[in-house]
Amino acid sequence: MTTELVLLGTAGAPMPVAGRAGISSALLVDGRVFVVDCGRGSPSAFVDAGLDFTRLEAIFITHLHADHTGDLPGMLLYPWGVRVGDDGPLAPIVVYGPGRPRAVPAGDRAFHRETTIHPELPAPGTADLVEHIVAGFAYHLNLMPLDAHMPDAGALVRANDIDLPPHTDSATQPENVVIETSAVRVRAVRVTHGHAVPAFAYRFDTADGSVVFSGDTTVNEDLIALAQGADILVHCVADLSYLERHGIVGGELDRMAALHTDVTQVGSVAERANVRELILTHYLPAEPAAIAASEWARRGAAGFRGVTTAGSDGLRRELTPRAAGQAPIG
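All figures in this text were calculated on a predicted structure; none of them were measured in a lab.

Novice: Describe in detail the pattern of salt bridges, supporting the description with residues and values.
Specialist: If you walk through the whole model with that rule in mind, you get 13 salt bridges. Between R317 and E277 there is a salt bridge, and its shortest N-O distance comes to 3.0 Å. Highlighted residues: R317 in strand β16 (residues 316-318) and E277 in strand β14 (residues 277-284), separated in sequence by 40 residues. The network of salt bridges with shared partners includes R187, R203 and D205.

Here is the structure:
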């Protein structure tokens, strides 16, 4: 059995940038493929990494911003024709993610919306999103079987909303087991990402070790608890001082600070979580030329005694099980 992490894209924010794909990662577990988030270019990055769409088992969405879900339709629809075996269609891809938010915030004088889109359901959850994708591409799904041999479109995808209890006054929140099989156990907790409620972090445990994906979050105690002793923590990072130097100031900068973890804080998160390696991703600023990878890694390592890596598109890590009795770094 082997477990391997592949970063498919590492850019933060929806705006496309040259040289860096949108946020997406894959975890290979004994030949099975699990994807976390589907940012811009993720289907192409999946193929570039040599991954097999017939092995894609599930997709995990951390939250429902477009830079994390924009290429979910492609991940489902582009490989539709190959998802068939000797006995018919393969098992549906299962999409896990946040359910419907309990309310849609109104905003304030400075940060507000002019129009409420789809007011009858202004805050769809993951299952709603997948249903709308299938409905929106109904013409394609209904027509293609007439011109080419295609698997049954009804077996293409299933969606499951993850319903975690809201935060209470307790120190940390209970973890939620999303899936548990003989090969992999996936748990989720809520994290803090501005008005994106709920937003999740995920932990994958296999026989080879454990990988945690922060999603988009500020410094978060529940994430630190979830990540305890993990082999790899894949964590979002922003350079708020860079953004301030480039004109994001005042209330706008405060909003950004309530969305992401600053590069000066992420090392202490990894240290408190007692992980072996911290891999930075979801860069803000997203442009590769804005800040050198070595600078991201140097600043992100502050306060962390483990290994810090500035993630890049296509980066791979194969998990090596610890020797018996070996303690986590830290």
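Novice: Please provide a residue-by-residue account of a nonpolar patch on the surface, values included.
Specialist: On the surface, Y139, L143 and L146 cluster together into a nonpolar patch covering about 360 Å² of accessible area. Relative to the helices and strands, L143 is located in helix α5 (residues 138-147). L143 sits in the partly exposed class, given a relative accessible area of 32%.

Novice: I'd like a description of the side chain of T217, backed by residues and values.
Specialist: Looking at the secondary structure, you find T217 in the loop between β12 (209-213) and α6 (221-226). Overall, T217 belongs to the buried group, its relative accessible area being 0%. Beyond its immediate chain neighbours, meaning those up to four positions away, T217 contacts V191, T192, H193, L223, H235, C236, L259, H260 and T261.

Novice: An account of the nonpolar core is requested, with residue identities and associated values reported.
Specialist: Counting 34 residues, the largest nonpolar core has V212, L233, V237, V275, L278, L280 and W296 as its most contacted members. Residue contributions to this core peak at five residues, all from helix α9 (residues 263-273). Not counting residues within four places of it along the chain, the set of residues in contact with L278 comprises L233, H235, V266, G267, A270, G300, F304, V307, T308 and T309. Within the second largest apolar cluster, 28 residues are counted, among which are A183, Y202, F213 and I232.

Novice: Before we move on, could you go through the sheet that holds strand β1 (residues 3-9) and cite the residues and values that matter?
Specialist: One open sheet accounts for seven strands, arranged β8-β7-β4-β3-β2-β1-β16; its pairing is mixed. Of all the strands in the sheet, the pair left with one neighbour each is β8 (157-162) and β16. Within the sheet, the average angular offset between the axes of one strand and its neighbour, ignoring direction, is 20°. For strand β4 (residues 56-60) and strand β7 (residues 93-98), the ladder comprises three bridges, and the chain directions are parallel. For A58, the partnering residue across the bridge sits in β7 and is V94.

Novice: Go over the pairing of β12 with me, naming the residues and quoting the values.
Specialist: Counting buried residues along β12, five of its five residues qualify, which places the element largely inside the surrounding structure. Sheet topology note: the strand β11 (residues 199-206)/β12 ladder contains five bridges and is antiparallel. Paired with Y202 across the bridge in β12 is F213. Remark: two residues form the turn of the hairpin made by β11 and β12, two consecutive strands paired antiparallel. With three bridges connecting them, β12 and strand β13 (residues 232-238) associate as parallel partners. What sits directly across from V212, in β13, is L233. Regarding topology, α6 serves as the crossover connection from β12 to the parallel β13, and that connection is right-handed.

Novice: How would you explain the packing of α9 against helix α10 (residues 293-300) if you had to name every residue and give the values?
Specialist: Running from amino to carboxyl end, α9 crosses α10 at an angle of 55°, the nearest separation of the two axes being 7 Å. Classified by the angle their axes make, α9 and α10 are oblique. From α9, V263, T264, V266 and G267 reach across to α10, where they touch W296, R299 and G300. Of the residues belonging to the contact of α9 with α10, the class tally is three nonpolar, three polar and one charged.

Parameters at a glance
- Residues numbered from 1 in each chain as written.
- Predicted model: local features only at pLDDT ≥ 70, side-chain atom pairs only at ≥ 80, totals over all residues.
- Heavy atoms only, no water.
- Salt bridge = Lys/Arg side-chain N within 4 Å of Asp/Glu carboxyl O.
- Helix = DSSP H or I, 4+ residues; strand = E, 2+ residues; numbered from the N terminus.
- Patch = residues over 30% accessible without salt bridge, like charges linked within 9 Å, V, L, I, M, F, W, Y side chains within 5 Å.
- Areas by Shrake-Rupley, 256 points an atom, 1.4 Å probe, with all protein chains shown as cover.
- Buried < 20%, exposed > 50% of the residue type's maximum accessible area, 1.4 Å probe, protein only.
- Contact = heavy atoms within 4.5 Å.
- Core = buried A, V, L, I, M, F, W, Y, C linked by side-chain atoms within 4.5 Å.
- Pairing = 2+ DSSP bridges.
- Axes fitted to C-alpha atoms, helices over the stretch in contact; angles between N-to-C directions.
- Right-handed = clockwise from strand over helix to strand, strands pointing away.
- Parallel < 35°, antiparallel > 145°, perpendicular 65-115°, else oblique.
- Nonpolar A, V, L, I, M, F, W, Y, C, P; charged D, E, K, R; others polar.

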